[in-house]
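Coordinates in review
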Amino acid sequence: MEAELEQKIRLLFKEAYQRKLLIASAFLVICLLVTGAGVFWPKSFASSTTLLVEEKNIIDPQAANRPDRPDAADQVRNVRQILSSRTLLEPLLRAGGWVNDGTTPLQLEEHLDAFQRRITVESPASNLVRITFNDGDPERAYRTTRRLGALVIERMHGARLGQSRAAYAFIDRQVQAYGRELKESRAMLDALREQSPLAHPGAEEQAAERAARLQEQVDNLVQQLREARITERTLSAQLSGEADSAATGGGGSIYGQQLAELRERLRQLRLVYTDSYPDVIGLRQEIAELESAAAQARDGGQGGGLSAGDRQRLISERARDNPVFQQLQQELYETRTLVERLDTRLASQQERLLKAREQERQAQALRDQVERLTRDHAMNRDIHQDLLRRRENARVSMTLDDEQQPFTLRVSEPAYLPHQPSGPRLLQFAAGSVVAGASVPLSLLFLFLLIDPRVRTDGGLPEPCARRLLEVIPHVSTRRERLTDGFKLAVTLFIVMFGIGGVLAILALRYFGQL
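A quick note: this is a predicted structure, and the numbers were derived from the prediction, not measured.

Reading the values: rules and limits
Residues numbered from 1 in each chain as written. Predicted model: local features only at pLDDT ≥ 70, side-chain atom pairs only at ≥ 80, totals over all residues. Heavy atoms only, no water. Salt bridge = Lys/Arg side-chain N within 4 Å of Asp/Glu carboxyl O. Helix = DSSP H or I, 4+ residues; strand = E, 2+ residues; numbered from the N terminus. Buried < 20%, exposed > 50% of the residue type's maximum accessible area, 1.4 Å probe, protein only. Expected span 1.5 Å × (residues − 1). Bend = angle between axes of the 7 residues up to and from the residue. Core = buried A, V, L, I, M, F, W, Y, C linked by side-chain atoms within 4.5 Å. Contact = heavy atoms within 4.5 Å. pLDDT = per-residue confidence, 0-100.

Once that is clear, we can look at the pattern of salt bridges. Going through the model one piece at a time under the given rule, you end up with 15 salt bridges. The partner of R143 in a salt bridge is E139, with the nearest N and O atoms 3.7 Å apart. Here R143 pairs with E139, and both are found in helix α6 (residues 138-195), just four residues apart, close to one helical turn. Owing to a relative accessible area of 34%, E139 belongs among the partly exposed residues under this scheme. The closest approach of N and O atoms between D386 and R390, which form a salt bridge, is 2.9 Å. With a gap of four residues between them, D386 and R390 both fall in helix α11 (residues 323-402), about one helical turn apart. In this structure, a network of salt bridges that share partners links the residues R86, E90, R94, D101 and E109.

This next bit is on helix α12 (residues 426-451). Look at α12: 37 Å from first C-alpha to last across 26 residues, which is about the 38 Å you get at 1.5 Å a residue. Its maximal kink placed at A436, α12 deviates by approximately 25°. What α12 keeps buried is the set L426, F429, A430, S433, G437, P441, L445 and L449.

What follows is about the nonpolar core. Grouped together as the largest cluster of nonpolar side chains are 26 residues, with contacts concentrated most on L83, L88, F115, I119, I131, L148 and V152. Secondary structure elements with two or more residues in this core: β1 (45-53), α3 (72-83), α4 (86-96), α5 (105-118), β2 (119-122), β3 (128-135) and α6. Counting residues per element, this core draws most heavily on α6, which supplies six residues. With sequence-adjacent residues up to four places away left out, I119 is seen in contact with L83, L89, I131, T132, F133 and L148.

Let us look at the confidence of the model for the protein. Looking at the protein as a whole, its pLDDT mean stands at 76, while 77% of the residues score no less than 70. Across residues 247-252 the pLDDT falls below 50, and counting only partners more than four positions away or on other chains, this stretch makes 10 contacts in the model. With pLDDT under 50 throughout, residues 301-308 is counted as low confidence; its partners more than four residues away or in other chains account for nine contacts.

Turning our attention to the side chain of T335. Locating T335 in the fold gives a position in helix α11. For T335, a relative accessible area of 8% puts it in the buried group. With residues near it in sequence (within four places) discarded, T335 still touches A228, T231, E232 and L235.

In structure tokens, the structure reads:
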């Protein structure tokens, strides 16, 4: 493989030597054309300015809760949006002389597109934004770049100040709205408490306690009334029995019952006290009186032959003379009086209970209404306080933005006047022309040798022919051919030196400002 490659290289140089005039002419043409292109290549001068994105500010601790500042990527995007604004670019085009009053709208659009393509916005670091502008006039590139940086800072500041003012105005409107709602909710709550005592705190508990006490009193009255009616019925039955006994003269039954009760009480007292105890003595006396009354009742039990009127009068007289009947009748009167009094008190207490229950229900309804109004008032108060803090922060932010103290962009590197054009320089074109003049003809010749079917070496013969090859006879040049070849070589060297000299001459003219 290496021998074959070496053979191809030797063949290339051999063929190049044979075509030296053609290759030298191509070298000359390429050098002059490429160098001439470098001479007439449009110059582009680039001027740039760098803006610093401040991450912190000395006033930040005093301006808490301020809006978050955008990062570098957001700043680059904002700068690109600003630099694509027609209202910003059109004055720059007029100031730079690109357009005038006679420019048509179509031409204006073309100039705007071309102007935007000349602007480059990039972020070389996390807190830097670089604006670069390219133009054929270095002075105009410098002025335009400086103006672009100033306009970007002015627009960014105006936009931020507008946002701060809009935020302050919005928060101020919300503060006023919630202030009115806060006053209305407080007025409604105070009016409700003035209109109804049940709307005060603890009124529901008091109403419930009052209703519970009244319910307990009603229950006690009902129980007392039930007991009094039972006593009334019992006394009525006892009086009827006593009257029957008086009519028949047989009042001993009632006396027997009372005697049995008194004797039982006497027996129970004597289990605890002695016979000299006052209660024991009093019971004995009562027992003795009842025994005497029972004996009198048995002794006076006649009168069976009397008329009905005399019999009724006799019964009444005996009943009036009967102390037990009189006592039972007195107790019945007292019991009936107690029943009437309990009925009256029960009706009054039941009416008061109904009123208490109604007040309890009203207190519950008012409690829900008061809780709702109180909750709305507390929520409005909290929101109002939060909005007051936010409004103060917005006011501080607006003041700081108005004074440009916390602004996030400032010029870190001002625009400069470019002295060297950007892009490929003439020296690069010259060096490229020499390289291209030497490499392009040789490359074309090498491709030609690859595709040319003619045999130039013994290595190019087919295998059967190569086996029958006896010897290779070299070419022998005549004296005239040698003279001609020497003349061609001299002309070739002259052409090459002329091409190199022409390139150096063009560089010298550019250096001395002649081109």
